[in-house]
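Chain by chain, the residues:
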Amino acid sequence: MKYSFTLLFVIAFAFCKAQLNKETIHYIDSIMNATYKANEPGAVILVAQDGKPLYRKSFGMASMELNVPNKPEYDFLIGSMTKQFTAVCMLQLVQQGKVDLKDDIKKYLPDYNTHGRKITIENLLSHTSGVPSYTEVEGFEKNSMRDMSKSEMVGSFQDDSLLFEPGTDWSYSNSGFFLAGLIIEKVSGIPFEQYIQKNIFDILGMNHTYTGSHLRSTPGLVTGYELADSVNYMPASYFSWGWVFTAGYLISTVDDLMKWDEALYSNKLLEQKWIQKAHTSFLLNNGDKAKYGFGWALADYNGLNYVTHGGAINGFLSNAYRIPSKHLYVVVLSNNSSVSPNDASTQIAFKVAGQPLEHPKAVALTTTQAKEYEGAYRMHRSGGRLITNSTKEEMYRYIFYKDDSLYSLKTGGSKFAMTYTGNDLFYFKGEYKFVKFNRDANKKITNLEVYSVPNYGPADVQEKTDKPMPKENEAVTIDPKVYKQFEGKYDLGGNFFITVNTDGKGLYAQATGQSAFELFPLSETEYFLKVVDAKISFEKDATGKVKSMILNQGGKHEGMKVE
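All values reported here derive from a predicted model rather than from experimental measurement.

Trainee: Go over the packing of helix α3 (residues 82–95) against helix α8 (residues 192–204), please, and point to the residues and values.
Mentor: In a packed pair of helices, the relevant descriptors are the angle between the two axes and the axis-to-axis distance. Across the interface, α3 lies against α8 with an axial gap of 11 Å and an inter-helix angle of 80°. On the basis of their axis angle, the class for α3 and α8 is roughly perpendicular. Touching Phe85, Thr86, Val88, Cys89, Gln92 and Leu93 of α3 are Phe192, Tyr195, Ile196, Asn199, Ile200 and Phe201, all from α8. A breakdown of the residues in the contact of α3 with α8 according to their chemical character gives 9 nonpolar, 3 polar and no charged.

Trainee: Explain the pattern of salt bridges to me, and be specific about the residues and the numbers.
Mentor: The full count for this structure, using the stated rule, is 19 salt bridges. As a salt-bridge pair, Glu122 and Lys102 come within 2.6 Å of each other at their nearest N and O atoms. Here Glu122, found in helix α4 (residues 121–126), pairs with Lys102, found in the loop between α3 and α4; they are 20 residues apart in sequence, far enough to count as distant. Taking the shortest distance from any N to any O, the salt bridge between Asp256 and Lys259 comes out at 3.9 Å. With Asp256 and Lys259 both in helix α9 (residues 254–263), this residue pair falls 3 residues apart, about one helical turn. With a relative accessible area of 2%, Asp256 lands in the buried category. The class of Lys259 is partly exposed, set by a relative accessible area of 31%. Salt bridges sharing common partners tie together Arg56, Glu73 and Asp255.

Trainee: Give a detailed account of the sheet that holds strand β6 (residues 210–211), specifying residues and quantitative values.
Mentor: Spatially, 3 strands are ordered β5-β9-β6 in an open sheet, and the strand pairing comes out antiparallel. Two strands close off the open sheet at either side, each with one partner strand: β5 (76–77) and β6. Direction of pairing for β6 relative to strand β9 (residues 250–252): antiparallel, over a ladder of 2 bridges. When the bridges of β9 are listed, Tyr210 appears paired with Ile251.

Trainee: A description of the nonpolar core should follow, citing residues and the corresponding values.
Mentor: Counting 88 residues, the largest nonpolar core has Phe85, Ile200 and Trp260 as the members making the most contacts within it. Here this core takes 8 residues from α3, the largest share from any one element. Ignoring sequence-local partners within four residues, the contact set of Ile200 consists of Phe85, Val88, Cys89, Gln92, Tyr195, Met206, Trp260 and Leu269. Listed in part, the 33 residues of the second largest apolar core include Ile28, Phe59, Tyr301 and Val453.

Trainee: Which residues make up the packing of aromatic side chains, and what are the values?
Mentor: In this structure the tally under the stated criterion is 40 aromatic pairs. On the numbers, 5.7 Å between centres and 70° between planes, the contact of Tyr321 with Phe350 is edge-to-face. A residue pair is termed long-range when its members are at least 10 positions apart, and Tyr321 in strand β12 (residues 316–323) and Phe350 in helix α11 (residues 342–352) qualify at 29 residues. In terms of burial, Tyr321 and Phe350 fall into one category: buried. Between Tyr527 and Phe538, the aromatic rings sit 5.9 Å apart at their centres with planes inclined by 75°, giving edge-to-face as the arrangement. Pair noted here: Tyr527 is in strand β28 (residues 526–528) and Phe538 is in strand β29 (residues 535–540), with a separation of 11 residues, a long-range link. In terms of burial, Tyr527 and Phe538 fall into one category: buried. Of the aromatic side chains, those joined through ring pairs into one cluster are Tyr112, Tyr134, Phe140, Phe157, Phe178, Phe192, Phe239, Trp241, Trp243, Phe245 and Tyr249.

Trainee: Quick rundown of unusual backbone geometry? Include the residues and the values.
Mentor: Cis geometry is found at the peptide bond from Val453 to Pro454, where omega equals 0°. Inspection of the secondary structure puts Pro454 in the loop between β22 (445–452) and β23 (460–465). Phi is positive for Lys443, which is not a glycine, with a value near 65°. Mapped onto the fold, Lys443 is located in the loop between β21 (433–439) and β22. The exposure class assigned to Lys443 is exposed, which follows from its relative accessible area of 64%.

Trainee: Describe α3, with residues and values.
Mentor: Between the first and last C-alpha of α3 there are 20 Å, a value that for 14 residues agrees with the 20 Å anticipated at 1.5 Å per step. Counted residue by residue, α3 has 13 buried out of 14 residues, so it is predominantly covered. Backbone geometry just downstream of α3 places Gly97 in the positive-phi region, at approximately 80°.

Trainee: Break down the side chain of Lys83 for me, citing the residues and quoting the values.
Mentor: Here Lys83 lies in helix α3. Only 3.1 Å separates the side chain of Lys83 from the side chain of Tyr172, close enough to count as a polar contact. For Lys83, the residues in contact, after removing those within four places along its chain, are His127, Tyr172, Asn174, Phe177, Thr246, Ala247, Tyr292, Gly295 and His309.

Trainee: Please provide a residue-by-residue account of the sheet that holds strand β14 (residues 375–378), values included.
Mentor: The 8 strands are arranged β14-β17-β18-β19-β20-β21-β22-β23 in a closed barrel whose pairing can be described as antiparallel. Ignoring strand direction, the axes of neighbouring strands in this sheet form an average angle of 30°.

Trainee: Account for helix α2 (residues 22–35), with residues named and values stated.
Mentor: When the terminal C-alpha atoms of α2 are compared, their 20 Å separation across 14 residues agrees well with the 20 Å that a helix rising 1.5 Å per residue should span. Structurally, the start of α2 carries an N-cap: the backbone nitrogen of Glu23 is 3.2 Å from a side-chain oxygen of Asn21.

Trainee: Would you mind going over the pairing of β21 in detail, with residue names and values included?
Mentor: Each regular strand displays side chains that alternate between the two surfaces of the sheet. Examined bridge by bridge, strand β20 (residues 425–428) and β21 share 3 bridges and lie antiparallel to one another. The residue of β21 that forms the bridge with Leu425 is Lys436. Linking β20 back to β21 in an antiparallel pair, the connection comprises 4 residues, with Gly430 at a positive phi of about 80°. Pairing geometry for β21 and β22, over 7 bridges, is antiparallel. Note that in β22 the partner of Lys436 across the bridge is Glu449. A loop of 5 residues connects β21 with β22, the two strands running antiparallel in sequence, and Lys443 in this loop sits at a positive phi of about 65°.

Trainee: Explain the confidence of the model for the protein chain residue by residue, including any values.
Mentor: The predicted coordinates of low-pLDDT regions are not to be read in fine detail. In the predicted model, the protein chain carries a mean pLDDT of 93, and 97% of its residues have values of at least 70. Low pLDDT, under 50, characterises residues 1–17; the predicted model gives this stretch 21 contacts beyond four residues in sequence or across chains.

Cut-offs applied
Residues numbered from 1 in each chain as written. Predicted model: local features only at pLDDT ≥ 70, side-chain atom pairs only at ≥ 80, totals over all residues. Heavy atoms only, no water. Axes fitted to C-alpha atoms, helices over the stretch in contact; angles between N-to-C directions. Helix = DSSP H or I, 4+ residues; strand = E, 2+ residues; numbered from the N terminus. Parallel < 35°, antiparallel > 145°, perpendicular 65-115°, else oblique. Contact = heavy atoms within 4.5 Å. Nonpolar A, V, L, I, M, F, W, Y, C, P; charged D, E, K, R; others polar. Salt bridge = Lys/Arg side-chain N within 4 Å of Asp/Glu carboxyl O. Buried < 20%, exposed > 50% of the residue type's maximum accessible area, 1.4 Å probe, protein only. Pairing = 2+ DSSP bridges. Core = buried A, V, L, I, M, F, W, Y, C linked by side-chain atoms within 4.5 Å. Phe/Tyr/Trp six-rings, centres within 6.5 Å; stacked < 30°, edge-to-face > 60°. Expected span 1.5 Å × (residues − 1). Polar contact = N/O pair within 3.5 Å; in protein donor to acceptor, adjacent residues only side chain to side chain. pLDDT = per-residue confidence, 0-100.

Given below as structure tokens:
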């Protein structure tokens, strides 16, 4: 992709007017180089202040097959960063008096099943509608690979019960933004792609931002990648653009996104009162802050308010920060779905803002103190979604003390060591994720709260229960000759496979994009993993031939044997 001489001149001139010091440039270089290797799919980053780029670089490969390195001007899928554009489109209609944020969505979608509840426009934009996110419901993997009409997509989730009464809780919902897109089309009378082109892209000169489609080939669009195994990459799995729609189907560049962010400081797209509305935390019915506005997550770090959002779609990840008080914008677009840009963008944003992230100083923890925190804490949400969005099974966070360290283990997850900082506060080693234990008037621990930088949604409080701590699995001794019958490839849907092999001594399972891990026998057909809270059992047909496996990890997932 080529840019005009004029644009290149403007960018070069901007670098002359505003620059970072050498120490900060070295800091950003070191983080990005440590995150993205030169010979692997990588990322592009832009740091801008007052609408001028301070740092603009690319890392890694745009195409592994063609040996083409990334360039800052290349196009990337931005996934859920699309939601902020959808929100602004809706607010434009609100500003014009064509829509009211308090309107019941049935005014525009009369056939939609709201289960007798009033779901408002603002509920859709703030993830407070209670509508389950279709990306987490059973069957999504198959739906994501086949072309579906918008009415078929709505039919795939509208009859599922609401997760909660609209406005009373928060759970990230792609379904809500899909519905918002339908309302924009209904009110404007034109397809969303035409609306956004006319009312945003053309106005801002975002000439390299567009909606995704498999019907055209676009020069400058990089290839998205995912891990084929623990070390090798492959082009991302196929998906249909039909399910993405206004929840995440935009493609853009870091330069266009800088134009977008800068426009939010002006009245080019919306009057400032509506921008501020979008950047104000929605209040739940009980008065608690959702810590999410319309299309953006909102939080603060040491008193520094910030606005953020990321995106994820097959082969691509993205993340961006805007810190209004500093007029600062940091955006990272990646074509490597195995390496999150969140930590890199977070550290860089706060470093440039003058408030680098720092962990509190570690404090010694006695065995007696550690034992106080042990227990099973019931989880209500994971990954920004209520647990009930994806499973009927309860999930717990187990806190336990072992080998002089306190650990956290979620149902179906891996254990993580926790570092104590005093006053009942811990952080996970290597992450800006914290666990704060809370006590009652008698100083008895009643619950814990998990939060991170960045943080999406309201307080994630997990109450302590009387549920017994799980017993450690103990492997039994069986004849290794039985392992041979389980060898093969098992299809769990959505291009996710588990390959099972034996070396004659042990049995090993390797999931798509992961390393191979040993399976330890509980019986001849049931096995467990030590690296994660998961079990695998093998099912046989009437003839005694292995036909499938059941992966029990945060729910039951069946995989048919295909090879």
